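Listed below, chain by chain, are the residues.
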Amino acid sequence: MRIAIIGQSPFAAEVYRSILKDGHKIAGIFTVMDKNGKQDPVAIAGEKDGIPVFKLKTWRKKGEAIPEVLEQYKSVNADLNVMPYCSQFIPLEVINHPKHKSICYHPSILPRHRGASAISWTLIEGDTRGGFTIFYPDDGLDTGDILLTRECDVSINDTVDSLYNGFMYPEGIKAMAEAVKMIAEERAPCIKQPEVGATYDAFLNKPELCKVNLQQSARSIHNFIRGLDSSPGAWTLLDGKQTKLFCSRLWHLEVEQGRNVELESGATGMITRDGLMIQGNDGKWLLVKLLSVEGKFQKAETYGLDTGSQEEIIPTDEEAGAVEKVRAVWAAILKADVQDDTDFFAAGAGSMDVVRLIEEVKEASGLALVNEDVFMATKFDDFSRQLIIKMRGGGGKKVQEYPTHKMHVNKMDISFPTQLYIDGEFRDSSNGKTLTSINPHDESEICKVQSASREDVDVACKAAYRAFKHGEWGKMNARDRGALILRLAELMDEHKEELATIESIDSGAVYTLALKTHVGMSIDTWKYFAGWCDKIEGSTIPINNARPNRNLTITKKEPIGVCGLVTPWNYPLMMLSWKMAACLAAGNTVVIKPAQVSPLTALKFAELSLKAGIPPGVINVLPGTGSQCGQAIADHPLVRKLGFTGSTEIGHKIMSSCAVSNLKKCSLELGGKSPLIIFADCDMDKAIKNALGSVFFNKGENCIAAGRIFVEETIYDQFLERVVEETKKMKIGDPLDRSTQHGPQNHLAHLNKLVEYCETATKEGCRLLLGGKRVDGPGLYMEPTIFCDIQDHMYVAKEESFGPIMLVSKFDAGDVEGVVERANNSEYGLASGVFTKDINKALYVSENIEAGTCFVNIYNKTDVAAPFGGFKRSGFGKDLGKEALNEYLKTKTITFEFSL
């Protein structure tokens, strides 16, 4: 058949290509005049293929067909007119001229919603079924006979764009091609269109028709807004200013108190951190996320706030290169040169161009945008500015200016925030309380840090919940999430010397150890879990079929939601990383309370996460006390998982709170009294070196420290002599000194407990070989201490010191079973170790020792890929490795039934 295409838009261009692909002859294309020097897509496609293209200003004049236009049309000799949309603008002389007359696409199941705004009225009326009709137009308004229809479900949150892009556009193209094929094969029906159910809905092209009535139910208001969401936009008066409303959702959660605003007709409206809340006359609420106030777009939650003047942004070479790539994307879409003041929509772009822009910008710059990012910055200079802010971690909004504490220490300038980090912003605590951070080297004050209240925890948990349920994080592809986490790891690597310095002055960690372990292993952890993001998988399970049908069961691994983390003071950054990296890789959001006495690297980490572009609300860092902040996290109903590392005593309270609050899942890494067994057949030099490390590593503030060393009696005296000799060589002093091996204890209360612990050991009859007291002079230094002749019944044989105190016991020669039994005679089971050249002894100990980790001929060798966690009163659950992901995932089982 010879076919004439009459229409415009990308849809018409795709219909043209489909018909051409099916082998039909396109006799001519009749479309619109160029707009702003830009041809319509169907004209571009036709000219490229050498098809005659006629660009018409109008078909009629004073209601009559223009003779010369009619002659142009007749000259192509078409057998059929194919019209995507708008048959009412085409004269009947054209519609009825071809042999097979004309077919037209209409975005409604006729006869419902006749008229040019049918798809909008489908949403405004709250229809749950929609679709389109291909019909033969006549002299009525969409009243001709029907050829075919296609139906789809319409959800409560569909918009014109989602309905059009998800069904009307792709299925409409296929259906138009199918209709042509049916006509060519003479099997096309001609079904008379009924009048029952017909509606003649207004063409929504006048401002008065687009004004939303706020004196109706929340659902009706929402339906009207989404029906005009793409264009031209539903509007009302907000504080007396004409304001268009976009991105509406019905609200089913508790409505937080916000700033009241004046809406037309006395409707109730509030600006909250979620956006503009509007109450319908049925008492229910809806949320509007995007506003256009007197022509200027802005996120609804920022309405009425003083955003300040925009500071000049000078792009780096890398940023400038990305901007020029995006300029080329704009130029390709708009088919025109793009200047800084070029407006995307004024230059002729439509809703489909927004979709294309977002996809191509992601390809060109790696940044994931959403529709509202385009509406918020329609001019190219504003758009490019927004891109640069996003690239710098601003999350698409103005970068916050916040105070930082600056120091020159360790031959470098360092800085870190001292406020709470909630919902992507640094802020003061609600009650004004602070914590004092002390440098354990000289007991001087470093700074004051804001201390979170229960109210702050509530705000943070709600922000984390919003980020998980409604924010970018919850919608993000797993691979994109991994890229963000990797970017965070790279920033940590760029700042590793600064992080290690902060860790040293705040926790007393020796700088060289902090650089390698505290910070180095933290970076490795983030890199490792970044790679897991897109590898979290479920499974398929063969189950018995319910005959005669068949069944399929699959499992999905899903994130838990908001997770609370409470971390200790011995490895502040590393413990944060061990837990949070797996948590975020699994897709959760986090509220973390770092240790009260060592919060500074957590706050620096928060700053780096902001720069990495982690969306607001995903990470919330709340320094505070355990009794207030920590307890509030454990109690909060929105927290569905709590990860804790600390003492067994507090672990009991944490587990109880998790049970009482909302039965939240918890994982606990608690105290230890790890045994190290050294047999006479060991490599003595290696055993001595590792025994020293097992106790004195990180000045004994190490959860897996060997709390008791069992030495076979035949080498007992030799072992004691050697460890005393080697310990005396350790240099104690300033942790920033590169030659220092032993730094200060973390805080005064802990140092006092260590001194008391040594006094108890002496009273119990333990033999003191070295140390046992505080180092004379300033700073929180404890002498490396060695006690021997420890008996199993003693207090120090059962309880953890968590400091640089070596406790040595002897065991009978050859008594492998007996020493393992003694080692297991403890309520703790975190780690263990054995040194022997006999593989049989090594295997026996490793299989029978009751501990989550067993080191053989090595100690303290942890790795990000190896799971870590304890047994018994040392807790349960795992950090690190693939198993850590299971702590932050839930398994959903889905069973299908189908028939063949």
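Notes on empty space enclosed by the protein
So, step 1. Across all of its chains, the model carries 4 cavities of 30 Å³ or more by this definition.
So, step 2. Of the voids in this model, the largest cavity is the one considered here, and its volume is about 100 Å³.
So, step 3. As for the largest cavity, its lining consists of 16 residues, and the residues nearest its centre are Ala705, Ala706, Gly707, Ser801 and Phe802.
So, step 4. At the level of elements, strand 31 (706-712) and strand 34 (805-811) are the ones that each hand at least two residues to the lining of the largest cavity.
So, step 5. Here the residues of the lining of the largest cavity are counted per class, giving 8 nonpolar, 6 polar and 2 charged.
So, step 6. In this structure, the second largest cavity occupies an estimated 50 Å³ of space.
So, step 7. What lines the second largest cavity is Lys673, Ser674, Pro675, Ala823, Asn824, Tyr828, Gly829, Leu830, Ala831, Glu850, Ala851 and Lys872.
So, step 8. Mapped onto the lining of the second largest cavity, the elements with two or more residues apiece are strand 30 (674-678), helix 25 (816-824) and strand 35 (828-829).
So, step 9. For the lining of the second largest cavity, the class distribution of residues is 6 nonpolar, 3 polar and 3 charged.

Regarding the layout of surface pockets
So, step 1. Here the second largest pocket is characterised by a volume of approximately 1500 Å³.
So, step 2. Breaking the lining of the second largest pocket down by element, the ones donating at least two residues are helix 19 (626-635), strand 28 (639-645), helix 20 (648-662) and helix 23 (748-763).
So, step 3. Broken down by element, the residue count for the lining of the second largest pocket peaks at 7 residues, all from helix 23.
So, step 4. For the lining of the second largest pocket, the residue count by class is 17 nonpolar, 17 polar and 9 charged.

Brief notes about the sheet that holds strand 34
So, step 1. Read from one edge of the open sheet, 7 strands run 32-33-34-31-30-36-37, paired in mixed fashion. The sheet terminates laterally at strand 32 (767-770) and strand 37 (853-856), the two strands that pair on one side only. Going across the sheet, the axis of each strand differs from the next one's by a mean of 20°, ignoring polarity.
So, step 2. Judged from the 3 bridges that link them, strand 30 and strand 36 (residues 831-835) form a sheet pairing that is parallel. Note that in strand 36 the partner of Ile677 across the bridge is Val834.

Considering the packing of helix 21 (residues 684-696) against helix 22 (residues 716-728)
So, step 1. Contact pair helix 21 / helix 22: the axes reach a minimum separation of 10 Å and the direction vectors enclose 60°. Compared by their axis directions, helix 21 and helix 22 come out oblique. Viewed along their axes, helix 21 and helix 22 form a crossing whose handedness is right-handed. Where helix 21 abuts helix 22, its residues Met684, Asp685, Ile688, Ala691, Leu692 and Phe696 lie against Gln718, Phe719, Arg722, Val723, Glu726 and Thr727.
So, step 2. Partitioned by chemical class, the residues of the contact of helix 21 with helix 22 number 7 nonpolar, 2 polar and 3 charged.

Calculation criteria
Residues numbered from 1 in each chain as written. Predicted model: local features only at pLDDT ≥ 70, side-chain atom pairs only at ≥ 80, totals over all residues. Heavy atoms only, no water. 1 Å grid on protein atoms, 1.4 Å probe; cavity = no way out; pocket = protein on both sides within 12 Å on 5 of 7 lines; lining within 4 Å. Points joined across faces, edges and corners; volume = space filled by probe spheres on them. Helix = DSSP H or I, 4+ residues; strand = E, 2+ residues; numbered from the N terminus. Nonpolar A, V, L, I, M, F, W, Y, C, P; charged D, E, K, R; others polar. Pairing = 2+ DSSP bridges. Axes fitted to C-alpha atoms, helices over the stretch in contact; angles between N-to-C directions. Parallel < 35°, antiparallel > 145°, perpendicular 65-115°, else oblique. Left-handed = near helix turned anticlockwise from the far one by under 90°. Contact = heavy atoms within 4.5 Å.

Shape descriptors only; they carry no functional weight alone.
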